[in-house]
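Here's the letter readout for the chains.
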Amino acid sequence: MSIVSGRILLIEDDPGDIELIEKMLRDSDPSSFQLEKTRNLKAGLARLLECDIDVVLLDLGLPDSTGLATVAKVCTPFPEIPVVVLTGHGDESSGLQALQSGAQDYLLKDQLDPGSLLRAIRYAIERNRQQMEVERARENTRDTVLQSLDRLSGAYTIVTASCQPDPLRSRVPDVFEELVTRYAELVEMALTERIFKEDHSVSRRLRAMVQRMGFFHTGARDVIEIFGECVKRELPRQSEKRYRLFLEEARFVLLEVMGRLISLYLDCYLRCTEPSTSE
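Residues numbered from 1 in each chain as written. Predicted model: local features only at pLDDT ≥ 70, side-chain atom pairs only at ≥ 80, totals over all residues. Heavy atoms only, no water.

1. A few points about the nonpolar core
Selection rule: As used here, the term nonpolar core means buried Ala, Val, Leu, Ile, Met, Phe, Trp, Tyr and Cys residues forming a set that is joined through side-chain atoms within 4.5 Å. The buried label applies to any residue whose accessible area, calculated with a 1.4 Å probe on protein chains only, is under 20% of its type's maximum; exposed applies above 50%, and partly exposed to all values in between. The secondary structure listing takes helices from DSSP runs of H or I that are at least 4 residues long and strands from runs of E that are at least 2 residues long, numbered from the N terminus. Only heavy atoms matter for contacts: two residues are in contact if any of them lie within 4.5 Å across the pair.
The biggest cluster of nonpolar side chains holds 33 residues, and the ones touching the most others in it are Tyr183, Met213, Ile226, Val253 and Val257. Those elements that provide at least two residues to this core are α8 (173-196), α9 (202-215), α10 (220-234) and α11 (240-273). Tallying contributions element by element places α11 first for this core, with ten residues. Valine 253 has contacts with Tyr183, Leu186, Val187, Ala190 and Leu206, leaving out every residue within four places of it along the chain. Counting residues in hydrophobic clusters, the runner-up holds 27 residues, among them Leu9, Leu48, Leu62 and Phe78.

2. Quick notes on the packing of aromatic side chains
Selection criterion: Classification of ring pairs uses Phe, Tyr and Trp, with its six-membered ring standing for Trp, and accepts pairs whose centres are within 6.5 Å; under 30 degrees between planes counts as stacked, over 60 as edge-to-face, and the remaining range as tilted.
Applying the stated criterion across every chain, the model contains two aromatic pairs. Note on tyrosine 183 and phenylalanine 227: the rings are 6.3 Å apart at their centroids and 70 degrees apart in plane angle, and the pair reads as edge-to-face. Of this pair, tyrosine 183 sits in helix α8 while phenylalanine 227 sits in helix α10, placing them 44 residues apart in sequence. Phenylalanine 227 shares its class with tyrosine 183; the two are buried. Geometrically, the ring pair formed by phenylalanine 215 and phenylalanine 216 is edge-to-face, given 5.1 Å between the ring centres and 80 degrees between the ring planes. The class of phenylalanine 215 is exposed, set by a relative accessible area of 60%.

3. Section: the packing of α8 against α10
What counts here: Note on method: axes are straight lines fitted to C-alpha atoms, helices fitted across the in-contact stretch only, with angles between N-to-C directions ranging 0 to 180 degrees. Comment on the angle field: the value is read as roughly parallel under 35 degrees, roughly antiparallel over 145, roughly perpendicular from 65 to 115, and oblique elsewhere. Here is the rule for handedness: rotate from the far helix to the near one, and if that takes an anticlockwise turn smaller than a right angle the crossing is left-handed, while a clockwise turn gives right-handed. Just so you know the grouping, Ala, Val, Leu, Ile, Met, Phe, Trp, Tyr, Cys and Pro go in nonpolar, Asp, Glu, Lys and Arg go in charged, and all remaining residues, Gly too, go in polar.
Their axes nearest at 9 Å, the elements α8 and α10 cross at an angle of 60 degrees. As far as their axial angle goes, α10 and α8 are oblique. Judged by the twist between their axes, the crossing of α8 over α10 is right-handed. Here Phe176, Glu177, Leu179, Val180, Tyr183 and Ala184 of α8 lie close against α10, whose contacting residues are Asp222, Glu225, Ile226, Phe227, Glu229, Cys230, Arg233 and Glu234. Of the residues assigned to the contact of α8 with α10, the class counts are eight nonpolar, no polar and six charged.

4. Points about the pattern of salt bridges
Close approach of charged atoms allows side chains with opposite charge to pair. How we decide: Salt bridges are defined as contacts in which a side-chain nitrogen from Lys or Arg sits within 4 Å of a carboxyl oxygen from Asp or Glu.
Following the criterion strictly, the structure yields 23 salt bridges and no others. Here glutamate 36 makes a salt bridge to arginine 47, at a shortest N to O gap of 2.6 Å. Remark: arginine 47 occurs in helix α2 (residues 41-48) and glutamate 36 occurs in strand β2 (residues 33-38); sequence separation between them is eleven residues. Taking the relative accessible area as the measure of exposure, glutamate 36 reaches 23% and is therefore partly exposed.

5. As for α2
Note the cut-off: This arc describes the spread of directions from the helix axis toward the C-beta atoms. Any pair of N or O atoms that falls within 3.5 Å is considered a polar contact. Within protein, one atom must be able to donate a hydrogen and the other to accept it, and sequence-neighbouring residues count only if both atoms are side-chain atoms.
Restricting attention to buried positions, one finds in α2 the residues Leu41, Gly44, Leu45, Arg47 and Leu48. Down the axis of α2, the buried side of the element spans an arc of 160 degrees, and every buried residue falls inside it. By the N-cap criterion, in which a side-chain oxygen at the helix start approaches the backbone nitrogen of a residue two or three places on, α2 is capped by asparagine 40, the distance to lysine 42 being 3.3 Å.

6. A word on helix α1 (residues 15-28)
Helical geometry: 3.6 residues make up each α-helical turn, so side chains three or four residues apart lie on a common side. Here is the rule we go by: The span expected for a helix works out to 1.5 Å for each residue beyond the first.
Look at α1: 20 Å from first C-alpha to last across 14 residues, which is about the 20 Å you get at 1.5 Å a residue. Burial in α1 covers these residues: Asp17, Ile18, Ile21, Met24 and Leu25. Seen from one end, α1 has its buried residues packed into an arc of 135 degrees, which puts them on one side. In this structure, α1 carries Pro15 and Glu19 as exposed residues pointing more than 90 degrees from its buried face. One side-chain oxygen of the residue at the start of α1 lies 2.8 Å from the amide nitrogen of glycine 16, identifying that residue as aspartate 14.

And the structure:
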């Protein structure tokens with residue numbers, strides 16, 4: 001029996017289970033896949049960030065994460081990577097709940113055999129491939145996204161031209177470049193903070209960047225151009241899957257920047273228009 005070729009990541013800490021799965025895969029079809037292993041969730045998430053894994057075999061009882069929360073921690077940041085959950089002996093209820101949390105399939109360890117393991121992997125990879133084809137058709141490729149950014153930037157240029165004729169890019173090009181770099185760094189930090197639940201002081205860094213934008217009278221058009229330039233530069237640097245993660249996070253950061261910038265300008269306006277009191 002052959003499977004769709006690909007790279008499998010096994011996130012499992014039990015040496016006996018690791019050896020058993022390795023043997024099953026090796027004996028069944030060793031030429032169709034590459035197996036990689038991590039023994040905790042943090043290392044697994046770090047490996048998934050490289051975005052070249054085709055399917056995950058995920059144990060629900062890891063040293064740093066247990067239960068159904070483990071499934072969400074993988075499926076939420078990496079929805080494009082299919083997950084097959086490995087549940088404890090006779091624990092079918094957890095397997096069914098794992099499907100509701102985003103897993104493609106589940107396997108009971110006490111019923112594990114080479115045939116069922118390979119079938120689950122084949123199913124997960126093939127179903128994921130079909131889902132990605134549907135999504136790509138709906139989104140009409142990454143190039144369309146970038147073209148939309150250009151149109152959006154142009155629309156903001158028209159709307160804001162009367163109140164701010166000179167864009168930040170031409171007024172202070174060195175500051176524009178600095179903000180593009182800071183924006184990309186902030187998106188990367190926000191992405192890793194969301195996945196690993198680690199504190200990278202993203203909120204503080206974002207406030208500092210917005211203050212910098214405010215000092216140079218950055219408008220909505222300028223923010224859109226910073227966002228657009230940032231995601232365009234990342235396009236040739238990353239794989240398609242990794243780029244999609246970056247783009248999603250960049251959109252979240254864009255909304256946060258816009259909101260904070262509006263609040264900053266509103267506070268300044270209110271302070272300037274507040275009537276002075278005199279004896």
